[in-house]
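# Chains, contacts and geometry: an overview
One-letter residues, chain by chain:
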Amino acid sequence: MVHPLSPDQRIVITGIGLTAPNGNNLKEFRQSLLSGRSGVRPFETRYMGKVIAGVCDFDELLYQKRKEVRRGTRAGSVSIYCAQEAVRDAGIDLGGVDRSRVGVYVGVTEHGNVETENEVFNISQYDYDTKFWSHHHNPRTVANNPAGEVTLNMKITGPHYTIGAACAAGNMGVIQGLQMLRLGEVDLALAGGVSESIHTFGIFASFKSEGALASHEDPTKASRPFDRKRNGIVCSEGGCLYTLERLSDAEKRGAKVYAEIAGYAINSDAFDFILPEPGRQAECIRAALKKAGLAPGDIDILNTHATATPQGDIQECKAVRSVFGEGSGVWINNTKSFIGHTMGAAGTLELSGNLPAFDDGWVHPTINLDDLDPDCALAGLVANAPKKIDRVEHIMNNSFGMFGINSVLIVKRFRG
Amino acid sequence: MTVDEVREAILNILSDIAPDEDMSSIRDEENLRDQIDLDSMDFLDIVMELRKRFNIEVPEKDYEHLATMSGCVSYLQPLLKDRQLAS
């Protein structure tokens, strides 16, 4: 069969760099997801004391000098680690690449809160005298900081920017990279999302004030999507960037291909600052299916967004049910149950944890599902233990964010 | 602070600002920027640390005195002579 898109319009994932609270590369991450290992632990945050969070332990000094770490941001360090790992994984020697044709597209939920809180705290130690406010504050807080740090570190001279899209941002970084490749604006895209959010007390305090911050005596059990006893979000840091290439370029250099991007969609609820809207979520899922030329029954694994808030999970389940019904055969899982909510990284990171299923046929479960909420009882939900399935041709990721920003990404098994 | 203690205080600041550099081989009469990786933002860090650690305000017109280690010591020692080097 002739593929409807020419090879220079087909976009493939050829490298993956990631850090998650339970793994610093795809192999470790996947092993954790198949063995039920959480990455959530106790965490100290300013003013609030002990909270729980997903914390990453990658070695910043693997790719950065101490001075770069000191001067930059945690989001910058996460981005650099992921970008360097992705390029290495892809087998690309940047020395032989026209770096003006490389684009860096990093999805972020927010940026600058961590650095601003740090500076406010710093001047509080000097009676709020602003002459003690750091000259590093502006470069640390400009919205393009995480992507910009990647370009400085890797001497990339093509375009760089962040895509601010709350918790839908990871997928949108990938979508942006895909679009720029298809437009011929760049030849290689470093694309995905990152989050440093756990280093701001404000994110914990705000979710707590909303009544949406998870608590549990055992941190590893705190993130429990679809469970009756779920009580909110576990905030986490993390990152995942892909090397995306046009298939024509990837084939020329004999690259290994993890997956081909089959379809995507982005839309807006136009409904509420924070509450989700299942009707628009369902429209987004349908739009992504349509773009991919697929029916709901073609999706083998649906990696849900569910963050374990009481209402949010139910709303997503309504959207999923309205598209997939009861008999589509899709297997459904959730990655936040292991690692909490990695915010801007979530879409790409969570999708990555599922990509090995193309080869090994295992669907990782959603864990901490001890007492299923009947409103979340989706057909095909893989609970607590991995499920071996016969075929994996298509994987879908849902990522939704505040202001009703919805993003859906579908990838397919690569066939040349 | 003695001259040696002022030098030590400056080295402590430089070690924090340029943590990848070897400070043991600094030659006092040569330009610091020729010996270790320091840019204009790093110089602002030196000025900030002098402000934070010793409450010393270095006006921009005096930045040139901080170009070498010996320049730093002779400029700062009179300002720090009555201070103790923090342990």
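Cut-off values and rules
- Residues numbered from 1 in each chain as written.
- Chains lettered and ligands numbered in written order.
- Predicted model: local features only at pLDDT ≥ 70, side-chain atom pairs only at ≥ 80, totals over all residues.
- Heavy atoms only, no water.
- Helix = DSSP H or I, 4+ residues; strand = E, 2+ residues; numbered from the N terminus.
- Rg over C-alpha atoms; globule rule 2.2 N^0.38 Å.
- Buried < 20%, exposed > 50% of the residue type's maximum accessible area, 1.4 Å probe, protein only.
- Areas by Shrake-Rupley, 256 points an atom, 1.4 Å probe, with all protein chains shown as cover.
- Pairing = 2+ DSSP bridges.
- Axes fitted to C-alpha atoms, helices over the stretch in contact; angles between N-to-C directions.
- Contact = heavy atoms within 4.5 Å.
- Expected span 1.5 Å × (residues − 1).
- Polar contact = N/O pair within 3.5 Å; in protein donor to acceptor, adjacent residues only side chain to side chain.
- Domains from an automatic or database assignment.
- Buried area = accessible area lost by both parts, 1.4 Å probe.
- Salt bridge = Lys/Arg side-chain N within 4 Å of Asp/Glu carboxyl O.
- Nonpolar A, V, L, I, M, F, W, Y, C, P; charged D, E, K, R; others polar.
- Arc of directions from axis to C-beta.
- Phe/Tyr/Trp six-rings, centres within 6.5 Å; stacked < 30°, edge-to-face > 60°.
- Core = buried A, V, L, I, M, F, W, Y, C linked by side-chain atoms within 4.5 Å.

Moving on to the overall build of chain A. In terms of helices and strands, chain A carries 14 helices and 15 strands. A compact globule built from 416 residues should have a C-alpha radius of gyration of about 22 Å, and chain A, at 20 Å, falls within 12% of that. Along the first, second and third principal axes, the C-alpha set of chain A runs to 65 × 55 × 40 Å. Taken over 416 residues, chain A has a buried fraction of 60%. For chain A, the accessible area works out to roughly 15,600 Å², and carbon and sulfur atoms hold 52% of it.

Turning our attention to the sheet that holds strand β6 (residues 188-195) of chain A. Residues and elements named next belong to chain A. Overall, mixed pairing links the 10 strands, which are arranged β5-β4-β6-β8-β1-β9-β15-β14-β10-β11 in an open sheet. Strand pairing shows two members of the sheet lacking a second neighbour, β5 (160-164) and β11 (331-333), which therefore form its edges. On average, adjacent strands in this sheet sit at an angle of 25° to one another, irrespective of strand direction. Sheet analysis places strand β1 (residues 11-19) next to strand β9 (residues 259-268), joined by two bridges and oriented antiparallel. Residue pairing across strands places Ile13 opposite Ala259, the latter belonging to β9. The strands that helix α3 (residues 74-90) touches are β1, β4 (102-108), β6 and β8 (238-246); relative to β1, the one it contacts most, it runs at about 130°.

Another aspect to go through is the sheet that holds strand β7 (residues 235-236) of chain A. Residue and element names in this part refer to chain A. Across the sheet, which stays open at both edges, the three strands sit in the order β2-β3-β7 with mixed pairing between neighbours. Edge positions in the sheet fall to β2 (40-45) and β7, since each of these pairs with one other strand and no more. In the sheet, strand β3 (residues 49-54) pairs with β7 via two bridges, with the strands oriented parallel. Looking across to β7, one finds that Gly54 is bridged to Ser236.

Below, the discussion takes up helix α3 (residues 40-54) of chain B. Its 15 residues place the ends of α3 of chain B 21 Å apart at the C-alpha level, agreeing with the 21 Å of an ideal helix rising 1.5 Å per residue. Asp42, Phe43, Asp45, Ile46, Val47, Met48, Glu49, Leu50, Arg51 and Phe54 of chain B are the residues of α3 of chain B that are buried. Elements that come into contact with the buried residues of α3 of chain B comprise α2 (66-71) of chain A together with α1 (3-17), α2 (32-35) and α4 (69-80) of chain B. Backbone nitrogen of Met41 of chain B and a side-chain oxygen of the N-cap are separated by 3.1 Å at the start of α3 of chain B; the cap is Asp39 of chain B.

The next point concerns the domain arrangement of chain A. Residues and elements named next belong to chain A. Domain assignment breaks chain A into domain 1 (11-252) and domain 2 (263-412). The partner domain 2 presents 64 residues to the 65 residues of domain 1 that form the contact. For the pair domain 1 and domain 2, the summed buried area comes to about 4,700 Å², and 64% of that belongs to carbon and sulfur atoms. Broken down residue by residue, the surface that domain 1 buries against domain 2 is led by Arg30, Phe226 and Arg230, which jointly contribute 18%. On inspection of domain 1 and its partner domain 2, the count reaches five salt bridges. One salt bridge in this structure joins Asp313 and Arg230, with 3.4 Å as the shortest N-O distance. There are 31 residue pairs in polar contact (both at pLDDT 80 or more) connecting domain 1 and domain 2. Broken down by secondary-structure element, the contributors of at least two residues to the side of domain 1 that touches domain 2 are β1, α1 (26-35), β4, α7 (169-182), β6, α8 (201-210), β7 and β8. With nine residues, α7 is the largest single contributor of residues to the side of domain 1 that touches domain 2. Residue composition of the side of domain 1 that touches domain 2, by class: 32 nonpolar, 23 polar and 10 charged.

What follows is about α1 of chain A. Residues and elements named next belong to chain A. Along α1, the residues classified as buried are Leu26, Phe29, Arg30, Ser32 and Leu33. Around the axis of α1, the buried residues are gathered within 160° of arc, so they sit on the same side. Of the residues in α1, the exposed ones pointing more than 90 degrees away from the buried face are Lys27 and Ser35. As for α1, its buried residues are in contact with β1, α12 (336-339), α13 (346-352), α14 (357-360) and β12 (362-363). The opening residue of α1 is Asn25, an N-cap whose side-chain oxygen sits 3.1 Å from the backbone nitrogen of Lys27. Gly36 sits one or two positions beyond α1 and adopts a positive phi of about 80°.

Glancing now at the packing of aromatic side chains. All names here are of chain A. Counted according to the given criterion, the structure contains eight aromatic pairs over all chains. Geometrically, the ring pair formed by Tyr47 and Phe201 is edge-to-face, given 4.8 Å between the ring centres and 85° between the ring planes. Placement of Tyr47 in the loop between β2 and β3 and of Phe201 in helix α8 is noted, with a sequence separation of 154 residues between them. For Tyr47, a relative accessible area of 57% corresponds to the exposed category. Grouping aromatic residues by their ring pairs yields a cluster made of Tyr47, Phe121 and Phe201.

Attention shifts here to the interface of chain A and chain B. At the interface, 14 residues of chain A touch 16 residues of chain B. Taken together, both faces of the contact between chain A and chain B bury some 1,400 Å²; the carbon and sulfur share is 49%. On the chain A side of the contact with chain B, Lys67, Arg70 and His135 of chain A bury the most area, a combined 44% of that side's loss. At the junction of chain A with chain B, the criterion picks out six salt bridges. Close ionic contact of Asp39 of chain B with Arg71 of chain A constitutes a salt bridge, the shortest N to O distance being 2.7 Å. In this assembly, chain A and chain B are joined by 13 residue pairs in polar contact (both at pLDDT 80 or more). Sort the elements by how many residues they give to the side of chain A that touches chain B and α2 of chain A lands first, with four residues. The residue makeup of the side of chain A that touches chain B, split by class, is four nonpolar, four polar and six charged.

Take the environment of Ile367 of chain A next. Residues and elements named next belong to chain A. By the element assignment, Ile367 lies in the loop between β12 and β13 (387-388). The class for Ile367 is buried, based on a relative accessible area of 8%. Note: C-alpha distance between Ile367 and Asn384 (17 residues apart in sequence) is 4.4 Å.

Time to look at the nonpolar core. Residues and elements named next belong to chain A. One finds Tyr242, Leu244, Leu355 and Val411 to be the most contacted residues of the largest nonpolar core, which totals 47 residues. Of all the elements, α7 adds the most residues to this core, at seven residues. Per-domain counts for this core show at least three residues from each of domain 1 (11-252) and domain 2 (263-412). Apart from the residues within four sequence positions on either side, Val411 is in contact with Ile13, Ala259, Glu260, Ile261, Ala262, Leu351, Leu355, Phe358, Glu393, His394 and Ile395.

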